[in-house]
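Structural features, examined
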Amino acid sequence: MVSKTEETQLSNLETQVDNGGGGAWEYLSLVRKLKVRRSDRVLKHGLSILNDPKKRSSLGPDEWTLYEQVAVAAMDCQSLDVAKDCIKVLQKKFPESKRVGRLEGMLLEAKGAWTEAEKAYSSLLEDNPLDQVIHKRRVAMAKAQGNVSVAIEWLNKYLEIFMADHDSWRELAEIYVSLQMYKQAAFCYEELILSQPMVPLYHLAYADVLYTLGGLENLQNAKKYYASTIDLTGGKNTRALFGICLCSSAIGQIAKGRNKDDKESPELQSLAATALEREYKQKASDKLSLLTAALKGLKVSS
Amino acid sequence: MALGFAVGVFGVLILFHAAYSTIQYRGLLKITEEEFSGPPMNVVAELLLGLVFCIWAALTVPGKFLSIQPYSEENRIVSLPANSDFMIFNHRGKVFPLEMDVKLKH
């Protein structure tokens, strides 16, 4: 999870490193800690450390972590030679290691040699059938080949064993959303909210899915989850504010035909609209007129 | 930090001194054969002072307070980590390989 302070710290370090201000190792450590995908920068700065014997030896045992990080980044950038060299170094240091075996499998994947990669992974799974990362790699491989249904099947099987793995639940949810299977995606997001109730982004994603599903009940629930996102972020999430406005407008349209007068909390939408207007005024005052027009179209602003 | 620690030590010393004074006072009362109804005023003042110092030291020495509010800058989650276990490599990086001629030297 990347919090606001960590994000600022990361972007500061990024500009510092990009402009040659040093701190490459701190940057790489932060990237590893926050698990963000900055493969091009990791490759560039990681290689500059690895090619400098003095800097490299000053890392101590962290040197090998860096080799692994750079290898994965190199695969992501399709610099397969660099990845191969890194893996070779690691293999020399740790022969028979499962972790290096996994990297080799990933290298095969990056090359596009699917059958060989599959073979490598299944031989690794024979030694340790409960290796979570390798199961995940197989799912990713199916996805990379375009067999999304196979990926879903494997991911479901995997989740039956490792139910507490929220990263996998998230992956499954994202796959379902990409296939427009919103009911299933909603189930996955429910699981995620249950396991990590304090993460506003899951509430937000769940609300998005519910809003997309449509229907009065779903819209009302979506509105509640947008509201909980606002609660958890202190109103600093623009998407949730927009979500409140859209939900209110959609609920209003549905309820108009049924002339029910149980209009719930008209303050909420006007408050959201005011908060949006304030935020736009602060950060992008030239787009304020667009916003007011849009809100007027939704009939939420007072 | 160092100041807080010094104040804490001072506070504990004051508390010990208050205890010592109370014992001495009781010894005195035993000699004069009076009832012990409560410690004298200056000991009570000493106790309160020691308490304040100790509390202050206990609050400052261990470190800064962290926010527990979910929407504070330290806790507000703005993005989820990249799901790097499910990372796949056939993206646009394959078509536009990075222009890099750096190699790993041994």
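For clarity, every value in this text was computed on a predicted model and none was experimentally measured.

Below, the discussion takes up helix 10 (residues 148-161) of chain A. All names here are of chain A. Taking 1.5 Å as the rise per residue, helix 10 with 14 residues should run 20 Å; its terminal C-alpha atoms sit 20 Å apart, in good agreement. All buried positions along helix 10 are accounted for by Ala151, Ile152, Leu155, Tyr158 and Leu159. Mapping the buried residues of helix 10 onto a view down its axis gives an arc of 130°, with all of them on the same face. For helix 10, exposure combined with an orientation more than 90 degrees from the buried face picks out Ser149, Glu160 and Ile161. Tucked inside the fold, the buried residues of helix 10 contact helix 9 (132-145) and helix 11 (166-178).

Below, the discussion takes up the nonpolar core. Residue and element names in this part refer to chain A. Grouped together as the largest cluster of nonpolar side chains are 49 residues, with contacts concentrated most on Leu43, Leu66, Val70 and Met75. Listing elements by their share of this core, those giving two or more residues are helix 1 (4-18), helix 2 (24-34), helix 3 (39-50), helix 5 (62-76), helix 6 (80-93), helix 7 (98-111), helix 8 (114-127) and helix 9. A per-element tally of this core places helix 5 first, with 8 residues. Of the residues that make up this core, three or more belong to each of domain 1 (1-95) and domain 2 (111-197). Contact partners of Leu66, with chain neighbours within four places excluded, come to Trp25, Leu28, Gly46, Ile49, Leu50 and Leu59. Judged by nonpolar contacts, the second largest core, of 46 residues, contains Ile152, Ile244, Leu276 and Leu295.

Another point: the environment of Arg239 of chain A. All names here are of chain A. Residue placement: Arg239 occurs in helix 15 (residues 238-257). When the C-alpha positions of Arg239 and Tyr226 are compared, they lie 8.6 Å apart, and in sequence the two are 13 residues distant. Polar contacts involving the side chain of Arg239 include one to the side chain of Asp208, which spans 2.9 Å.

UniProt marks residues 45-66 of chain B with the feature "transmembrane region" (unreviewed entry), using the numbering shown here. Across residues 45-66 of chain B one finds 73% helix and 0% strand; the C-alpha atoms that close the span lie 33 Å apart.

Bringing the pattern of salt bridges into the picture now. Residues and elements named next belong to chain A. In total, this model carries 19 salt bridges over all chains according to the counting rule given. For Arg56, the salt bridge is made with Glu63, and the minimal N-O distance between the two is 3.5 Å. The exposure classification of Arg56 matches that of Glu63, with both residues buried. What emerges from the salt-bridge pattern is a single network uniting Glu14, Asp18, Arg38 and Arg41.

The next subject is the side chain of Asn83 of chain B. Inspection of the secondary structure puts Asn83 of chain B in the loop between strand 1 (77-79) and helix 3 (92-95). When near neighbours in sequence (up to four residues on either side) are disregarded, Asn83 of chain B contacts Asp167, Arg170 and Glu171 of chain A.

All names here are of chain A. According to the domain assignment, chain A contains domain 1 (1-95), domain 2 (111-197) and domain 3 (198-302). Computed over C-alpha atoms, the centres of domain 2 and domain 3 are 33 Å apart. On the domain 3 side, the residues contacting the 12 residues of domain 2 number 11 residues. By the criterion of area lost to domain 3, the three top residues of domain 2 are Tyr182, Ile193 and Pro197, representing 46% of everything that side buries.

In this section: the environment of Lys54 of chain A. On the secondary structure map, Lys54 of chain A appears in helix 4 (residues 53-58). In this structure, the C-alpha to C-alpha distance between Lys54 of chain A and Met198 of chain A, residues 144 residues apart in sequence, is 44 Å.

Facing 53 residues of chain A, the contacting portion of chain B comprises 31 residues. Both faces considered, chain A and chain B share a buried interface measuring about 4100 Å² in area, 62% of it formed by carbon and sulfur atoms. The three residues of chain A that bury the most area against chain B are Lys4, Arg37 and Asn51 of chain A, which together make up 13% of that side's buried surface. Inspection of the chain A/chain B interface yields 1 salt bridge. For Lys136 of chain A, the salt bridge is made with Asp85 of chain B, and the minimal N-O distance between the two is 3.0 Å. Broken down by element, the side of chain A that touches chain B gets its largest block of residues, 7 residues, from helix 9 of chain A. In terms of residue class, the side of chain A that touches chain B is built from 27 nonpolar, 7 polar and 19 charged. Summarising the sheet, strand 1 (residues 2-3) of chain A and strand 1 of chain B pair through 2 bridges and their orientation is antiparallel. Among the inter-strand pairings, Val2 of chain A is bridged to a residue of strand 1 of chain B, identified as Ser79 of chain B.

Definitions and limits used
- Residues numbered from 1 in each chain as written.
- Chains lettered and ligands numbered in written order.
- Predicted model: local features only at pLDDT ≥ 70, side-chain atom pairs only at ≥ 80, totals over all residues.
- Heavy atoms only, no water.
- Helix = DSSP H or I, 4+ residues; strand = E, 2+ residues; numbered from the N terminus.
- Expected span 1.5 Å × (residues − 1).
- Buried < 20%, exposed > 50% of the residue type's maximum accessible area, 1.4 Å probe, protein only.
- Arc of directions from axis to C-beta.
- Contact = heavy atoms within 4.5 Å.
- Core = buried A, V, L, I, M, F, W, Y, C linked by side-chain atoms within 4.5 Å.
- Domains from an automatic or database assignment.
- Polar contact = N/O pair within 3.5 Å; in protein donor to acceptor, adjacent residues only side chain to side chain.
- UniProt positions renumbered as here; feature names shortened; annotations may be inferred.
- Salt bridge = Lys/Arg side-chain N within 4 Å of Asp/Glu carboxyl O.
- Buried area = accessible area lost by both parts, 1.4 Å probe.
- Nonpolar A, V, L, I, M, F, W, Y, C, P; charged D, E, K, R; others polar.
- Pairing = 2+ DSSP bridges.

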